[in-house]
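Coordinates in review
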Amino acid sequence: MTDLTSSAAQVALTGSQTGGETQWIRSAADVSRLINDGEGARNNARIVVAIALGGVFLDAYDLGALAFGIKDVAREFNLTPTGTGMVASAITFGAIVGALIGGYLTDKIGRYRVFMADMFFFVVAALACAFAPNEYVLGGARFVMGLGVGIDLPVAMAFLAEFSRLRGQGNKAASVAMWCPTWYAAISISYLLVLLLYAVLPESHTDWLWRLILGFGAVPALIIIAIRSRYMSESPVWAANQGDLNGAAAILRRAWNINAQVASDAPTSPVQPARRASWRNYGALLQGVYRRRTLLATLTSVASSFAYNAVAFGLPVIITSFFAQSMLTTILVSLALNLLFAFVGGVLAVRLVPRLGAWKMSVAGYACQCAALLGLALIGRPEGGQEAAIAIAMLALFLFGQGFGPGSHTMTFASLSYPTSLRGVGVGFNQTLMRGSSTVSLFLFPVLVAALGTGVFWVILLAPLTGLLALLAIRWEPSGYDVDAEDFAAR
């Protein structure tokens, strides 16, 4: 039998001997059971989960950084609103392509190989952004960065789902939801970096601000590459699904401290996978029980992405329209809103989803967003301090609802609606359409703001309303459901 996890096994096999009662595995179902029901020490599994969030961090960091720099970019390169939208949305164009390819490769060649490769996109693209001589190079570099983001997210979500147990605190739904506070932490760090550079750069060199911020993205990418090479290993469930029980057992010993051994009566030849990785598997997402799940995951992701990107990317612009204040005030208010409301909402989502479920929390989050956007639309441009304070409170409610609800759990629906054999393409398909929504949102926002002013909130309101209606129509709860068992039943 060919060892399908040879590159990962060399990581997993080092120090793979462990004590404790021997757990005999005979099939991929046994491997999945040991992970789902495991209560003991997880060794490197927690590190793998943390590293898997690295791509999410970089994606959010780049979006947050350019939100403050886009005005300087437009001024330096003399861009029209359309040109500004093209530069801003270039990363999502790349992510659309990257997600489609990354989803397929994640299922085809394994989580580990794809994960180890995609960070190099971030390094090259970040440096190219920092030294871009014109808007064409900048847009091209952000497209390349988007390829890395698109490739990374399907495999990152697969790792989060497949290195976590099924129920209880820290379950699969909670691990996947961790992507949301990670996102907001990255946004906040980008704001802090902007604040630091704004304070130390001479006034004559403030045009360097956006270049330094975007170029700094190469630093965490290089750190992530170094850490990944030491601690990452292949997903044991994926390895077992390919027939490599020996590799799966080695990873369980290393990452979970489970004394897993392949039973002598286990099949000696590779077991036929439930599904072979294929481009046709994208079509399987729209068949059978997966059709409703795919529809729900897609509608909620597209709605959440459109609304969040319009508000989050435009947050500095929105705040500036509320207050005739300095850049420093804009940075501080944006930072406070993200930390106190979006980040806190995301942390609560991780803690509460094992008990409340992703469906109920998403409904509550969308309801908060609808109320917030309705309030912002009715206020329009605030007149006086009282209306301005209410408008800021509405922004806070929107961001809290995003973190508590759809911001955290759209990935839960996308990742946990499909078994191991379809998870890569499931997340890839979801991300392709979600990034399409992001592209439209980032491209249209500068144009819509120029045409409608604060009336743009009426347009944005349609997005969370669509997500809320989709949830009420399709009541699917992925948290606590053993979706991987559908692969074993198919054999």
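Look above for the structure.
In this report, we go over the structure that sits alongside the text. On a predicted model such as this, the values are computed, not experimentally measured, just so you know. (Residues numbered from 1 in each chain as written. Predicted model: local features only at pLDDT ≥ 70, side-chain atom pairs only at ≥ 80, totals over all residues. Heavy atoms only, no water.)

**Examining the environment of Tyr 231**
With respect to the element layout, Tyr 231 can be found in helix H11 (residues 218–231). Each C-alpha atom, one on Tyr 231 and one on Ala 45, is 9.1 Å from the other, the two residues being 186 residues apart in sequence. (Helix = DSSP H or I, 4+ residues; strand = E, 2+ residues; numbered from the N terminus.)

**A word on empty space enclosed by the protein**
Under the defined criterion, the tally for this structure stands at three cavities of 30 Å³ or more. Taken as a whole, the largest cavity spans an internal volume of roughly 230 Å³. Taken together, 22 residues make up the lining of the largest cavity; nearest its centre are Trp 179, Trp 183, Tyr 308, Asn 309 and Met 434. Every element with two or more residues in the lining of the largest cavity is listed here: helix H4 (54–76), helix H5 (81–108), helix H9 (179–200), helix H15 (290–313), helix H20 (406–416) and helix H21 (420–452). Of the residues forming the lining of the largest cavity, the biggest block, five residues, is contributed by H15. A breakdown of the residues in the lining of the largest cavity according to their chemical character gives nine nonpolar, nine polar and four charged. By volume, the second largest cavity amounts to about 50 Å³. Around the second largest cavity sit Leu 58, Tyr 61, Asp 62, Phe 122, Ala 126, Met 145, Leu 214 and Gly 217, which together line it. Where the lining of the second largest cavity is concerned, the elements lending two or more residues are H4 and helix H6 (111–130). Class assignment of the residues belonging to the lining of the second largest cavity gives a composition of six nonpolar, one polar and one charged. (1 Å grid on protein atoms, 1.4 Å probe; cavity = no way out; pocket = protein on both sides within 12 Å on 5 of 7 lines; lining within 4 Å. Points joined across faces, edges and corners; volume = space filled by probe spheres on them. Nonpolar A, V, L, I, M, F, W, Y, C, P; charged D, E, K, R; others polar.)

**What to know about the pattern of salt bridges**
As enumerated under the stated definition, the model contains eight salt bridges in all. The partner of Glu 76 in a salt bridge is Arg 211, with the nearest N and O atoms 2.7 Å apart. Within this pair, whereas Glu 76 is found in helix H4, its partner Arg 211 is found in helix H10 (residues 209–216), the two being separated by 135 residues in sequence. Salt-bridge contacts for Arg 111 lead to Asp 107; the nearest nitrogen and oxygen are separated by 3.1 Å. Asp 107 gets classed as buried once you look at its relative accessible area, which sits at 5%. Residues joined in a network through salt bridges with shared partners are Asp 107, Arg 111, Glu 162, Arg 423 and Asp 484. (Salt bridge = Lys/Arg side-chain N within 4 Å of Asp/Glu carboxyl O. Buried < 20%, exposed > 50% of the residue type's maximum accessible area, 1.4 Å probe, protein only.)

**Observations concerning helix H7 (residues 135–162)**
Along its 28 residues, H7 runs 40 Å from first to last C-alpha, staying within 8% of the 40 Å computed at 1.5 Å per residue. The largest bend along H7 reaches roughly 25 degrees and is located at Asp 152, with the proline Pro 154 sitting one to four residues downstream. A large share of H7 lies buried, amounting to 22 of its 28 residues. Where H7 begins, the side chain of Asn 134 points an oxygen toward the backbone nitrogen of Tyr 136, at a separation of 3.0 Å. (Expected span 1.5 Å × (residues − 1). Bend = angle between axes of the 7 residues up to and from the residue. Polar contact = N/O pair within 3.5 Å; in protein donor to acceptor, adjacent residues only side chain to side chain.)

**Observations concerning the side chain of Ser 421**
For Ser 421, the position within the fold is in helix H21. A polar contact of 2.6 Å, which involves the side chain of Ser 421, links it to the side chain of Asp 487. Ignoring any residue separated from it by four or fewer positions in sequence, one finds Ser 421 in contact with Asp 107, Asn 241, Arg 275, Asn 281 and Asp 487. (Contact = heavy atoms within 4.5 Å.)

**Structural notes on the packing of aromatic side chains**
With the rule as written, the count across this model stands at twelve aromatic pairs. With centroids separated by 6.0 Å and ring planes inclined at 75 degrees, the aromatic side chains of Phe 77 and Trp 210 adopt a geometry described as edge-to-face. Separated by 133 residues along the polypeptide, Phe 77 in the loop between H4 and H5 and Trp 210 in helix H10 bring together distant segments of the chain. With relative accessibility at 12%, the residue Phe 77 sits in the buried group. Residue class for Trp 210 comes out buried when judged on its relative accessible area of 1%. Centroid distance Trp 183 to Tyr 308: 6.1 Å. Interplanar angle 75 degrees. Geometry classified as edge-to-face. (Phe/Tyr/Trp six-rings, centres within 6.5 Å; stacked < 30°, edge-to-face > 60°.)

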